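Here are the chains, one letter per residue:
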Number of protein chains: 2
Amino acid sequence: MPTQTAAERRAEARAAYDAFIAECPTRKLLDRISDKWVSLVLAALTDGPRRYNDLSRTIAGVSQKMLTQTLRTLERDGLVSRTVTAAVPVRVDYELTPLGRTLQPVMVAIKSWAETHIEQVETARSTYDRSNHA
Amino acid sequence: MPTQTAAERRAEARAAYDAFIAECPTRKLLDRISDKWVSLVLAALTDGPRRYNDLSRTIAGVSQKMLTQTLRTLERDGLVSRTVTAAVPVRVDYELTPLGRTLQPVMVAIKSWAETHIEQVETARSTYDRSNHA
DNA sequence: CGGCATCCAATGTGATACTG
DNA sequence: CAGTATCACATTGGATGCCG
């Protein structure tokens, strides 16, 4: 008979992952999702499925390479689903998976933080630059 | 006399910042904070001031270069304060500023997301690798 | 339309050595 | 203790050209 309940095992498993530990796989995952393009893509997918070109227009300035690369990685990691509709020309839709929807609010929060605090950051920078490094 | 109230001006200023726009300064800020070391440092400062060596031990595997560089940038951006205590040897403490405390919960959320969803991501990866790219 | 392959310049990052 | 400086290397990312 079990000496641990399922809840206990889950708690232990959760505690076993710590991104402060260099070798922990979560460190690499943290690195992957700590990415400008990831947050922009997940934010862009907030309101439902989006086509490739639609995404590239929304996320202004993203290169084909980076958009495709980011989408592939997100797909592989199970955060985004890719749906190809046979037609001429081909139609490809990207959509958040249930897993992706758990990360999306966090990514939106980062993007929003940048947008709402940019002025305070810029003020801090000019203060720093004036007092310290001439 | 003003045709806008202060609240209206603030609302307009807020709407003017959009990280989806390539030239928006928030895009660069988003890139800066979307960084593995930033999230780890802000998470490590959750419980109050920490000394340099304390941080380097907590954030296992971080190089001196990256830790110093990250702390300098965070300091310049007004997210972290640096306090030098004259002594032998010197003592330097880093602490979140009020501005830094507004970003800290978001950074902790990313780190936590990675830790709580790593297994689902790994499952998704092996599924993807088995079905697609042999 | 939605990619992929390649080249290459710029940047990021770690290891190492040294210092007030 | 808390850095700085330098070098070597890896990674990033844009530009370009081609394709089903």
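Residues numbered from 1 in each chain as written. Chains lettered and ligands numbered in written order. Predicted model: local features only at pLDDT ≥ 70, side-chain atom pairs only at ≥ 80, totals over all residues. Heavy atoms only, no water.

Peer 1: Quick rundown of the relation of the copies chain A and chain B? Include the residues and the values.
Peer 2: The operation relating chain A to chain B is a screw motion whose rotation component is 180 degrees, with 0.0 Å of axial translation and a residual RMSD of 0.0 Å. As the rotation angle and translation indicate, the two copies are arranged about a two-fold axis. If distances are taken from each C-alpha of chain A to the rotation axis, the shortest is found for Ser34(A), at 2.3 Å. Comparing contact sets, 100% of the residues at the interface of chain A also lie at the interface in chain B, consistent with an isologous, same-surface contact. (Least-squares fit on C-alpha atoms with pLDDT ≥ 70 in both. Contact = heavy atoms within 4.5 Å.)

Peer 1: Please give an account of the protein's contact with DNA strand C that cites residues and values.
Peer 2: Residues in contact with DNA strand C amount to 17 residues; listed here are only the nearest, Thr68(A), Arg82(A), Tyr94(A), Lys65(B) and Met66(B). In this structure, a phosphate oxygen belonging to DNA strand C sits 2.7 Å away from a side-chain N or O atom of Tyr94(A). Ser63(B) has a polar side-chain atom sitting 3.5 Å from a phosphate oxygen of DNA strand C. Per element, the largest residue contribution to the surface near DNA strand C is four residues, and it comes from helix 5 (residues 64–76) of chain A. For the surface near DNA strand C, the per-class residue count stands at seven nonpolar, five polar and five charged. (Near = heavy atom within 4 Å. Polar contact = N/O pair within 3.5 Å; in protein donor to acceptor, adjacent residues only side chain to side chain. Helix = DSSP H or I, 4+ residues; strand = E, 2+ residues; numbered from the N terminus. Nonpolar A, V, L, I, M, F, W, Y, C, P; charged D, E, K, R; others polar.)

Peer 1: Tell me about the packing of helix 6 (residues 98–131) of chain A against helix 2 (residues 25–33) of chain B, residues and numbers included.
Peer 2: In a pair of packed helices, the angle between the axes and the distance between the axes together describe the arrangement. At a minimum axis separation of 9 Å, helix 6 of chain A and helix 2 of chain B run at an interaxial angle of 100 degrees. In terms of axis orientation, helix 6 of chain A runs roughly perpendicular to helix 2 of chain B. Note on element contacts: helix 2 of chain B touches helix 6 of chain A through Pro25(B), Thr26(B), Leu29(B), Leu30(B), Arg32(B) and Ile33(B), opposite Ile110(A), Lys111(A), Trp113(A), Ala114(A), Glu115(A), Ile118(A), Val121(A), Glu122(A) and Arg125(A). Residue composition of the contact of helix 6 of chain A with helix 2 of chain B, by class: nine nonpolar, one polar and five charged. (Axes fitted to C-alpha atoms, helices over the stretch in contact; angles between N-to-C directions. Parallel < 35°, antiparallel > 145°, perpendicular 65-115°, else oblique.)

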